[in-house]
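Below, each chain spelled out in residue letters.
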Amino acid sequence: MKRAELWIGLVLVAGVVALALLSFVWTPFNPTGVGSAPRLAPPGWPHVLGTDHMGIDTFSRILVGARSALYVGIIAVGIAALVGVPLGILAAWLPRWGAEGMMRAVDVAYAFPALLLAILLAGVFGASTETAMLAIGIATIPAFIRVTRAGALSVLASDYVLAARASGTPVPVIAVRHVLPNIAHLVGVQASVSFAMAILAEAALSYLGLGTPPTVPSWGRMLGDAQTYLFSHPGQAVWPGLAIAGAVLGFNLVGDGLRDFLDPKLQEVS
Amino acid sequence: MTSLLQVRDLSIAFGRKDPVVRGLDLDLAAGQRLGIIGESGSGKTVTALAIMGLLPDNARVTGSIRLDGTELVGLSDRALSRVRGDRMSMIFQEPMTALDPTMTAGRQVAEAFRLHRDRDAGRARTAVLAMLRAVGFDDAERVADSYPHQLSGGQRQRVVTAMALVNRPGLVICDEPTTALDVTVQATVLRVLDEVLEAVGASCLFISHDLAVVSQLCSDVVVMLNGRVVERGTAEQVFTDPRHPYAAGLVATARLDLLEPGTRLPTVADHVRVP
Amino acid sequence: MLARLGIFALSLALASVVIFVITQALPGDVAAVILGHGATAEQLAAKRAELGTDRPFVVQYLDWVFGMATGDFGRSWFSGLPVATLIGPRAEVTISLVVGGLLLALLIALPLGAVAALKRRQWPGFLTSTAAQVGMAVPAFWAGILLVFVFGVTLGWLPPNGYVPIGRDPVAWARHLVLPVTALGVVQAAVLVRYVRSAFLEVLGEDHYRTARSIGWTRWRALARHGVRNAALSLVTVVGLQLAAVIVGAIVIERVFVLPGLGSLLLDMVSQHDLAVVRGIVMLLVLAVLAINALVDVSYVLIDPRLRARESS
């Protein structure tokens, strides 16, 4: 059962990646320029998913949208992991009061979800893909700190780390040689789950007009555009939503599946 | 002799694994007290839970369990719940965790009463206090208004006993009720149990690995090994003249008073190969 | 109890510093932002003096914080209206939405979580868990758009957008909230189901759950009577942590249903770069999240008698 979850997740994620890669070399129509195609055409041929209010092929936009979603996800999760993992190891290393203070700060950070931070930053710097990625990345750091610290604490308490410390191995060396390899799977699971959340956040921001700019196709903005024509052409609101849900489901399933696959202890007793 | 409890050809397995209890037969007359002896893993607790209908839903139970003529195997959870706590009840091994930590002791005993007897809160309170006095609490009011964490292990086990007996059930199943307690507390809990079982006139299925405890309370004994009954008889018979080598081993390890000073302590393995 | 209050105050202070730094220090000269490129040096200086931005940042920060403590959230940079006046009438919308969404989410998640836990080896449990997994992947605003299409446009049962204050017409208020609350609540419920399930699974393994069944509760009623009380501790924590997510969800949902709440105001002010108002709203939302989580901490003591004893001793 759990194995099936992982496989379905991997297939969905592979599908999104494939769509994104495909969009670099081929889209059935120009995904950005105004075409000569009829506007708001229903699904059919040659526009398999129809066209939007500008007469642009929806399927082409979905393909390129996958690129936007993955782009934001990779950068945001990258920022979060690059900052969060070292901080998490540090928090595990710090004396009690230091770690305590740091985790309190992490608690406060949970009051700033990605979207709120992104809205705040958009107000200051203006809306852009970069602002959105930065905000989602920063807001995701606490999750990585927590996971890393929990994992690092148990590694640091192990005998071989004690032995390494006793023999005078410098702290950064221990962190890279012993701690990182042993918490890699935890970070991997977190990355997958955070990726799903990043895609959701990016979609919401683009829908609000605070993420990916109008010139670049993104699933969230497509939904925003589709809502305008919901009364007359509801079909256009279906495809981008399915794409978002599929991608998010995929990354969530991979995260869950990996967790159970890598750490049998966490599996519930049957 | 009419049986209160009649178990025939009972087999229990979990999931697709091999059965942990096979072809078990038991008979218990009204008022009779039967001890079930065996080590952990012999299937005695699983048998008790099967009679109560408290096994997890991946358990497969076959055979027959009749309480006062009512077939219990195959009954729905709803139908069984009407029998549980009313005509049969159970006292568990771990008094420290057997009670809900968020409710007062009195309210938990009252729940058992109100479920089957009388929904009226006032009359339930009266019955609860009487029952708490019967299990040896002089300060029944204080105990009733206490939360479990405010009571000791022995006190909690007496509260559980009160829950089990407040409805005067015909059958009380005790699963190692004193194993987790101090020796001094054990004696009190056993005496209280003896008294209230007598007062209520309930039959008792008493599960233990401890022959000495069983002999204090029970008239009859069965010995279980690997999910089967290997020996049955009156307590006296089994203790003085065990026929199955495993039972003989258990008796030898329990009767250290018969030991010649200076000889090695006996083990069950001296008598039978325990797999 | 005092320690919890201290943590709350410290968290609030930390959050206010972060918000202030982002909105006041990062954008540079606010006066230049407001007046645009054509402004003269004198105009800029006058504007700075009017806004108080010619003072040191620390003084500005303290001025802002103490102002809020007395209910003065500052003034809009552009309209000059007090932020409190702008926020006031809109808070009702957002509160209705957040409270409604959270309640609906719990109302759905508790029974479904119970099914997922009790029937985990049978198809109802599998189905529930799967539905929750899929529900978690659905963006709330997409759910909102689909609801608008089905019930607002096609069937015409409910208004597809807009808001009526509860004081003016409670029935219209409720009718306008049904779809947004559903969109917010159902998606949030999917997230909660998993937590409820694991909290209940833990209870199912407890000895006292078995005791409750042994006195004659059925599986379901034992869970309802003893499970919920014992799972409450972890569930209250989860609800506290999810509150931030629900508030953020409400901001987006307000946009979907064109509701005049704090979220819409926030987004309008963001597009106008009126950071004085943005700052006030964000601070208010963060305050709500932190305050509720502090209350969650306090509620542990009410739920668990063991903690109560420790607290009073």
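Just above sits the structure.
The structure contained in this document is the topic of the report that follows. (Residues numbered from 1 in each chain as written. Chains lettered and ligands numbered in written order. Predicted model: local features only at pLDDT ≥ 70, side-chain atom pairs only at ≥ 80, totals over all residues. Heavy atoms only, no water.)

Moving on, we get to the pattern of salt bridges. Evaluation of the coordinates by the stated rule reveals 24 salt bridges over all chains. Here Arg306 of chain C ties to Asp304 of chain C by a salt bridge, and the two come within 3.1 Å at their closest N and O atoms. Its relative accessible area of 35% is what places Arg306 of chain C among the partly exposed residues. One continuous salt-bridge network, built from bridges that share partners, spans Glu100, Arg104, Asp107 and Arg146 of chain A. (Salt bridge = Lys/Arg side-chain N within 4 Å of Asp/Glu carboxyl O. Buried < 20%, exposed > 50% of the residue type's maximum accessible area, 1.4 Å probe, protein only.)

Attention now goes to empty space enclosed by the protein. Applying the stated rule across the entire model yields two cavities of 30 Å³ or more. One number sums up the size of the largest cavity: a volume of about 100 Å³. Elements supplying a minimum of two residues to the lining of the largest cavity: helix H2 (58-93) and helix H8 (219-228) of chain A. For the lining of the largest cavity, the element with the highest residue contribution is H8 of chain A, accounting for three residues. Grouping the constituent residues of the lining of the largest cavity by class yields five nonpolar, three polar and three charged. Within this model, the second largest cavity holds a volume of roughly 30 Å³. Taken together, Asp100, Gln108, Glu111 and Met163 of chain B together with His208, Thr211, Ala212, Ile215 and His226 of chain C form the lining of the second largest cavity. (1 Å grid on protein atoms, 1.4 Å probe; cavity = no way out; pocket = protein on both sides within 12 Å on 5 of 7 lines; lining within 4 Å. Points joined across faces, edges and corners; volume = space filled by probe spheres on them. Helix = DSSP H or I, 4+ residues; strand = E, 2+ residues; numbered from the N terminus. Nonpolar A, V, L, I, M, F, W, Y, C, P; charged D, E, K, R; others polar.)

Here we take up the sheet that holds strand S1 (residues 3-14) of chain B. All names here are of chain B. Spatial strand order, S2-S1-S4-S5: four strands in an open sheet with antiparallel pairing. Single-partner strands in this sheet number two, and they are strand S2 (21-29) and strand S5 (70-71). In the sheet, S1 pairs with S2 via six bridges, with the strands oriented antiparallel. Counted as the bridge partner of Ser3 is Ala29 from S2. (Pairing = 2+ DSSP bridges.)

Turning next to helix H9 (residues 207-214) of chain C. Residues and elements named next belong to chain C. H9 sits mainly inside the fold: six of its eight residues count as buried. When H9 is considered as a whole, its buried residues turn out to be His208, Tyr209, Thr211, Ala212, Arg213 and Ser214. One or two residues past the end of H9 sits Gly216, with phi positive at roughly 120°.

Let us look at the interface of chain C and chain A. Listed by partner, the interface residues are 44 residues for chain C and 43 residues for chain A. Here chain C is connected to chain A by one salt bridge. Two residues, Arg194 of chain C and Asp256 of chain A, come together in a salt bridge whose shortest N-O distance is 2.3 Å. At the level of elements, helix H1 (2-25), helix H6 (123-137), helix H7 (140-154), helix H8 (170-204), helix H10 (219-256), helix H11 (262-272) and helix H12 (275-303) of chain C are the ones that each hand at least two residues to the side of chain C that touches chain A. Here the side of chain C that touches chain A is built from residues that sort into 35 nonpolar, four polar and five charged. (Contact = heavy atoms within 4.5 Å.)

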